[in-house]
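Reading the structure
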Amino acid sequence: MRTFNEFRNEVTSGKLKNVYYVAASDNYFVSKAGDILREKLFGSALNRDNFFLRYADDTSVQDVSDLASNFASLFSSEKVIIVKRCEKYSRKMSEFLEITDNLGKKDKSTYMMLVFDPAFVADKKLDDKRDFYDFSDLPQKELYEWVRSEFESRDVSIQNDALDLFITSIPRSFDLLSSEIEKVSNFEFEGTDRALKKEIILQFIGYDREASPDELVFAIAKKDRNRAFSVLDNLLNSKGMNEVYLLSMISGFYMDIISFKTRGLDSMDSRMLFQKYKMWGERAKIAKSCHKSMELQSLQNSFGKLIDTDKKLKSSQVDPKILMISLVQELINA
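Procedures and definitions
- By convention here, each chain's residues receive numbers from 1 onward along its written sequence.
- For a predicted model such as this one, the threshold for reporting local features is a pLDDT of at least 70, and the threshold for listing and counting side-chain atom pairs is 80 or more; totals across whole chains, interfaces and linings nevertheless cover every residue.
- Just so you know, side-chain values use all the structure's heavy atoms and leave hydrogens and water out.
- Residues grouped as a nonpolar core are buried Ala, Val, Leu, Ile, Met, Phe, Trp, Tyr and Cys residues, joined through side-chain atoms within 4.5 Å.
- Classification of residues uses two cut-offs on accessible area relative to the type maximum, computed with a 1.4 Å probe and protein chains only: under 20% is buried, over 50% is exposed, and between them is partly exposed.
- Secondary structure follows DSSP: runs of H or I at least 4 residues long count as helices, runs of E at least 2 residues long count as strands, and numbering of each begins at the N terminus.
- Throughout, a contact is declared for two residues whenever any of their heavy atoms are within 4.5 Å.
- Paired strands, as defined in this entry, are two strands with at least two bridges between them according to DSSP.
- Comment: axis = line fitted to C-alpha atoms, over the contacting stretch for helices; angle = value between 0 and 180 degrees taken between N-to-C directions.
- Oblique is the label for every angle not falling under 35 degrees (roughly parallel), over 145 degrees (roughly antiparallel), or within 65 to 115 degrees (roughly perpendicular).
- Throughout, the ten residues Ala, Val, Leu, Ile, Met, Phe, Trp, Tyr, Cys and Pro are labelled nonpolar, Asp, Glu, Lys and Arg are labelled charged, and all others, Gly among them, are labelled polar.
- Aromatic contacts are taken between Phe, Tyr and Trp rings whose centres are within 6.5 Å, Trp giving its six-membered ring; a plane angle under 30 degrees counts as stacked, one over 60 as edge-to-face, and the others as tilted.
- Counting of polar contacts relies on pairs of N or O atoms within 3.5 Å, with two restrictions inside protein: one atom must be capable of donating a hydrogen and the other of accepting it, and residues adjacent in sequence are counted only when both atoms are side-chain atoms.

Describing the nonpolar core
Counting 46 residues, the largest nonpolar core has Phe7, Met113, Phe135 and Phe166 as its most contacted members. Sort the elements by how many residues they give to this core and helix H2 (residues 28-42) lands first, with eight residues. Apart from the residues lying within four places of it in its own chain, the contact partners of Phe7 are Tyr20, Ala33, Ile36, Leu37, Met113, Tyr133 and Phe135. Judged by nonpolar contacts, the second largest core, of 33 residues, contains Ile220, Leu232, Met249 and Leu327.

Structural data, given as structure tokens:
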């Protein structure tokens, strides 16, 4: 699939399509795409006079067809329609796609963006016959450039190690990333140097440099009980980290570590690691380091413990902290 950056470059250069098929898991780039289309077609992203946003939950296929077929307003020869959650048309998908496919051939004054859940696109193989854009992710280099540029647009520079930590610490949602960039950019810097360092990012995400989830995984891999429980105590009691969130981070590390048991993965460069396994930066370094001291059978046993703890955290009345202490002990012994 093409990326958001490719979409932007095509539109701004004047290479417009009447129908855009988009896979997106959040709203950030869909909203940006709407701005870009309005800027190109109406002269301003603020002009919403002939712009229509609809949701498949409460808009029938016929309503979309009627909206697309009606004439544009007197104030503009074009109109832009964005329809979100198009997977909701699953029972009438053939009819819906036939209507939208034909639109691009008949009506050159209407521009539509149809937004689908990425999993639905993959499951139904919708991108086999249609040119989809993926607004859910960016290639590694473009992701780093995007985050850096977002900070710079707020008059904040960010050091490379801080950039790496920031990206690997935030779940992959551009809505969330944008929100966190805004929060971090409001940090009260000392003096006039508005440069983000790794220590500042650690402070924002609630870790001490020597007591982070990374350090916890390292300690478990080395079977260093004292260190592991010291870090766990800091995360749960001093920093007040949510147990479910911490468990999800540990599980993510374990998935990365077991991936490194694949033959040839050790020799992959960072670009290939990101493309095939979505691993990069510190996470990739940690997984690459830890897998050497962890046997495959141990990792398989550990996944059973992680799944069992997840169920108990969400359904039992046992103190979550006790469950996490027990989990760390079991992971060390696995």
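Moving on, there is more to tell.
Side note on the sheet that holds strand S2 (residues 19-23)
Strand order across the open sheet formed by six strands is S1-S6-S2-S5-S4-S3, with parallel pairing between neighbours. Edge positions in the sheet fall to strand S1 (2-3) and strand S3 (51-55), since each has one partner strand and no second. Summarising the sheet, strand S4 (residues 79-84) and strand S5 (residues 110-116) pair through five bridges and their orientation is parallel. Looking at S5, one finds that Ile82 is bridged to Met113. In this fold H2 packs onto S2, S3, S4 and S5, with an angle of close to 170° to the strand it touches most, S4. Helix H3 (residues 61-69) rests against S3, S4 and S5 of the sheet, and its axis sits at about 165° to S4.

Thoughts on the packing of helix H15 (residues 296-315) against helix H16 (residues 320-333)
Across the interface, H15 lies against H16 with an axial gap of 10 Å and an inter-helix angle of 175°. By the criterion of interaxial angle, the relationship of H15 to H16 is roughly antiparallel. Together, Ser302, Lys305, Leu306, Thr309, Lys312 and Leu313 of H15 and Pro320, Leu323, Met324, Leu327, Glu330 and Leu331 of H16 make up the contact between the two elements. Of the residues assigned to the contact of H15 with H16, the class counts are seven nonpolar, two polar and three charged.

Quick look at the packing of aromatic side chains
Evaluated as defined, the whole model comprises 18 aromatic pairs. Ring geometry for Tyr21 versus Phe132: centroids 5.6 Å apart, planes at 40°, classification tilted. Placement of the pair is Tyr21 in strand S2 and Phe132 in strand S6 (residues 132-134), with a sequence separation of 111 residues. The exposure classification of Tyr21 matches that of Phe132, with both residues buried. Geometrically, the ring pair formed by Phe116 and Phe120 is stacked, given 6.4 Å between the ring centres and 5° between the ring planes. Grouping residues by exposure puts Phe116 and Phe120 together as buried. Within the aromatic cluster, the residues linked to one another by ring pairs are Phe4, Phe7, Tyr20, Tyr28, Phe29, Tyr133, Phe135, Trp146 and Phe174.

Quick notes on the side chain of Asp26
Its place among the elements puts Asp26 in the loop between S2 and H2. When its relative accessible area of 15% is taken as the criterion, Asp26 is described as buried. A distance of 3.1 Å separates a polar atom in the side chain of Asp26 from a polar atom in the side chain of Ser173. For Asp26, the side chain forms a polar contact with the main-chain nitrogen of Phe174, separated by 2.6 Å. The contact partners of Asp26, leaving out residues within four places of it in the chain, are Phe135, Ser173, Phe174 and Asp175.

No statement about biological role is implied by the geometric values presented.
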